[in-house]
Amino acid sequence: MYTILRLEQENIRTYIMIIVDDTCSQYDFLTYDKNKSYFIDENFSYDSFITKENNKDKIKDMIKKIGLMIENIGLKSLMYNNITEFQGIQIESLHVPENYQFKYNEIYNLS
């Protein structure tokens, strides 16, 4: 399973995708790049945040809080526990199944 976190504070929004290996022993995350419209394996940059007002100080503050959130709570807890807030950042979790099997593979010959 993958988990996408929607993080928002003061009209600044970003996304993190938490990923886990096959044995659930290692967790990592991808950051969102608004210019490319997909997740990348890099640190946060100003391109990670969606906002109408480009206040770099507020974005910098949010980056620090996200780092503290990951450090203090941990990716595993963020993925499996229903955490909805951290230091003023509103958190919404969306869980995405890793594998999906179509119900009627044989009928539609999709496999």
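Conventions adopted
Residues numbered from 1 in each chain as written. Predicted model: local features only at pLDDT ≥ 70, side-chain atom pairs only at ≥ 80, totals over all residues. Heavy atoms only, no water. Pairing = 2+ DSSP bridges. Helix = DSSP H or I, 4+ residues; strand = E, 2+ residues; numbered from the N terminus. Contact = heavy atoms within 4.5 Å. Axes fitted to C-alpha atoms, helices over the stretch in contact; angles between N-to-C directions. Buried < 20%, exposed > 50% of the residue type's maximum accessible area, 1.4 Å probe, protein only.

A few words now on the sheet that holds strand S1 (residues 2–9). Strand order in the open sheet made by the six strands is S4-S3-S2-S1-S6-S5, with antiparallel pairing throughout. A single partner strand is all that each edge strand has here, and the edge strands are strand S4 (38–40) and strand S5 (85–86). Pairing analysis gives seven bridges linking S1 to strand S6 (residues 89–96), with the strands arranged antiparallel. Counterpart to arginine 6 in the pairing with S6 is glutamate 92. The sheet strands contacting helix H1 (residues 56–73) are S1, strand S2 (12–20), strand S3 (27–33), S5 and S6, and the helix crosses S2 at an angle near 30°.

So, about the side chain of serine 48. By secondary structure assignment, the location of serine 48 is in the loop between S4 and H1. For serine 48, a relative accessible area of 2% corresponds to the buried category. With residues near it in sequence (within four places) discarded, serine 48 still touches Arg13, Thr14, Thr31, Tyr32 and Asn43.

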